[in-house]
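# Chain and residue survey
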Amino acid sequence: LLLSCLAAVCVTSFIPRTTTTSSRRTQIPLQAAGMGMAVAPNTKRNKKNGKKSKSKSKTSTPFNANASLLRLEKKYDELSKQNARAIQDDVDSVVTSEYVIAARAVDTTFMADWVPVAQMCLARPLQDAETSDGIQDESVLAAVSYYCREIYEAATLGSPLLKSCSRNTLQYSVEPLDSFHKYVYETVVDDTNANKNEHEIMTKSQAKSVLKLKDDESDPAVIKKAYRTMSFELHPDRLVSESDDKVQSASQEYARVKLAYETLTSGVRTSASWYESLGGRARTDFRGPLTLLSLNDAKTFLSSQPELNSAVVGLDPEMVQTFVVRNQAAIR
């Protein structure tokens, strides 16, 4: 009897790890990622008659987005390691693509423009990647839709302020990691880090004061004219015959005038997004806002792609906060 009970405990407590093995590597099916695994219902023996009786049904456990995000972070690391090994071994049977996901809440004032909040990777067979539609590929949309709960969790970890935004009110965008790094990161984050001592963030009221504009001035033509006039007067090329102190002072003031103009002509716009405008016409791989699939539809699609692996991970909170601050500065 004791041996029987021990065997029963081992059977009900052991949860096998579902994997599919190929000659290339062991893959964890995507549909299992981020989802709780069902446990067989408990049974107990009735002491009076020796019969088994089913325990009372329990309510389903609420989805834990934070725990799921932690699991996906580990999976992301594993996919990255597999990709690194494939590159080292010159194996091209699998293509790993990485994307940056941004979010915005159009019904708020502090997050009306895009804020990058998460990073996603897709690993799929070479033949599937070659026939995909790039950023328009349905696999990308399905993955973002499926992981929307984890993406929201990553956003709130990146900036606690985003907790005031309801998950259902957020919109999402996606673009390849290399595009984000070239047109967004290098322009905003790297530039900010290179000028930490020059007060990168300037409010609109401060910018108008620097350009000697009225507090209620909003005409782009007037703003541009004020900027051109002051930048012409302060340009270093016109001060070559002046003393070094005067040239240095003018250069600092010139930098503030330039920052003031950028502040008034960027940020959250009524006709276009500042975030979307970064990179100009050369930035063609940005896609947003996405029309997300339902969770069930996304799961069904991804389940039909057994060789597709994906995961998401949150971005550096300091970088997320950089974009949140720019959103706030744009409305002051």
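Data block above holds the structure.
What this report covers is the structure whose coordinates are included nearby.

Along the backbone of the chain there are 12 helices and 8 strands. Expressed as a percentage of its 332 residues, the buried residues of the chain come to 39%. Across the chain, contacts joining residues at least 24 apart in sequence account for 76% of those joining residues at least 6 apart. When the accessible area of the chain is evaluated, it comes to approximately 20000 Å², of which 51% is carbon and sulfur surface.

Moving on: the sheet that holds strand β8 (residues 309–314). One open sheet holds the 4 strands; their spatial order is β7-β5-β6-β8, and the pairing between them is antiparallel. The open sheet terminates on both sides in strands that have one partner only, identified here as β7 (171–176) and β8. Pairwise comparison of adjacent strand axes, ignoring direction, gives a mean angle of 25° for this sheet. Here strand β6 (residues 115–125) pairs with β8 via 6 bridges, running antiparallel. Within β8, the residue paired with A123 across the bridge is N309. Helix α4 (residues 138–146) rests against β5 (94–104), β6 and β7 of the sheet, and its axis sits at about 125° to β6. Contacting β5, β6, β7 and β8, helix α5 (residues 148–158) crosses the sheet at an angle of about 140° to β6.

Residue placement: R228 occurs in helix α8 (residues 220–234). Separated by 33 residues in the primary sequence, R228 and Y261 have C-alpha atoms spaced 9.5 Å apart.

Before going further, it helps to spend a moment on α4. Most of α4 sits inside the fold, with 8 of its 9 residues counted as buried. Looking at α4, one finds that the buried residues are S139, V140, L141, A142, A143, V144, S145 and Y146. On the buried face of α4, the contacting elements are β5, β6, α5, β7 and α11 (295–303).

Judged by nonpolar contacts, the single largest core of 60 residues is most densely connected at Y172, Y275 and F323. Setting aside residues no more than four positions away along its own chain, F323 makes contact with W114, V115, P116, V184, V188, V189, W274 and Y275. Formed by 17 residues, the second largest nonpolar core is a distinct cluster that contains M230, A250, V257 and Y261.

Our focus in this paragraph is unusual backbone geometry. The residue after G288, namely P289, is reached through a cis peptide bond having omega -5°. Tracing the sequence through the fold places P289 in the loop between α10 (274–277) and α11. Although it is not a glycine, D90 adopts a positive phi angle of roughly 60°. Checked against the element boundaries, D90 lands in the loop between α2 (65–88) and β5. Residue D90 is classed as exposed on the basis of its relative accessible area, which comes to 70%. Positive phi is not limited to glycine here, since K212 has a value of about 60°. Overall, K212 belongs to the exposed group, its relative accessible area being 70%.

Following the criterion strictly, the structure yields 4 salt bridges and no others. Two residues, R85 and E78, come together in a salt bridge whose shortest N-O distance is 3.5 Å. Residue R124 pairs with D137 through a salt bridge whose shortest N-O separation is 3.1 Å. On the criterion of sequence distance, the pair formed by R124 in strand β6 and D137 in the loop between α3 (126–130) and α4 is long-range, its members being 13 residues apart. Each of the two residues, R124 as well as D137, counts as buried.

With that settled, the discussion passes to the packing of aromatic side chains. Overall, the coordinates contain 6 aromatic pairs when judged by the stated rule. When the ring of W114 is compared with that of F286, the centres are 5.9 Å apart and the planes differ by 70°; the resulting orientation is edge-to-face. One end of the pair, W114, is in the loop between β5 and β6; the other, F286, is in the loop between α10 and α11, with 172 residues separating them in the sequence. Residue W114 shares its accessibility class with F286, and that shared class is buried. Ring plane angle 70° and centroid distance 5.3 Å describe the contact between Y146 and Y147, whose orientation is recorded as edge-to-face. In this structure, Y146 and Y147 share a single accessibility class: buried. Three or more aromatic residues link up through ring pairs in this structure, and these residues are W114, W274, Y275, F286 and F323. We note R149 situated over the ring of F63; from NZ or CZ to the ring centre the distance is 3.6 Å.

Among the 11 residues that make up β6, 11 are buried, leaving the element largely enclosed by the rest of the structure. Pairing of β5 with β6 involves 10 bridges; the strand directions are antiparallel. Among the inter-strand pairings, I101 is bridged to a residue of β6, identified as A118.

Moving on, we come to a negative patch on the surface. Residues D89, D90, D92 and E130 make up a contiguous surface patch of negative charge. With respect to the helices and strands, the residue D92 is situated in the loop between α2 and β5.

What counts and how
- Residues numbered from 1 in each chain as written.
- Predicted model: local features only at pLDDT ≥ 70, side-chain atom pairs only at ≥ 80, totals over all residues.
- Heavy atoms only, no water.
- Helix = DSSP H or I, 4+ residues; strand = E, 2+ residues; numbered from the N terminus.
- Buried < 20%, exposed > 50% of the residue type's maximum accessible area, 1.4 Å probe, protein only.
- Contact = heavy atoms within 4.5 Å.
- Areas by Shrake-Rupley, 256 points an atom, 1.4 Å probe, with all protein chains shown as cover.
- Pairing = 2+ DSSP bridges.
- Axes fitted to C-alpha atoms, helices over the stretch in contact; angles between N-to-C directions.
- Core = buried A, V, L, I, M, F, W, Y, C linked by side-chain atoms within 4.5 Å.
- Salt bridge = Lys/Arg side-chain N within 4 Å of Asp/Glu carboxyl O.
- Phe/Tyr/Trp six-rings, centres within 6.5 Å; stacked < 30°, edge-to-face > 60°.
- Lys NZ or Arg CZ within 6 Å of the ring centre and 35° of its normal.
- Patch = residues over 30% accessible without salt bridge, like charges linked within 9 Å, V, L, I, M, F, W, Y side chains within 5 Å.
- Lys, Arg positive; Asp, Glu negative; His and termini not counted.
- Charge placed at Lys NZ, Arg CZ, Asp CG, Glu CD.

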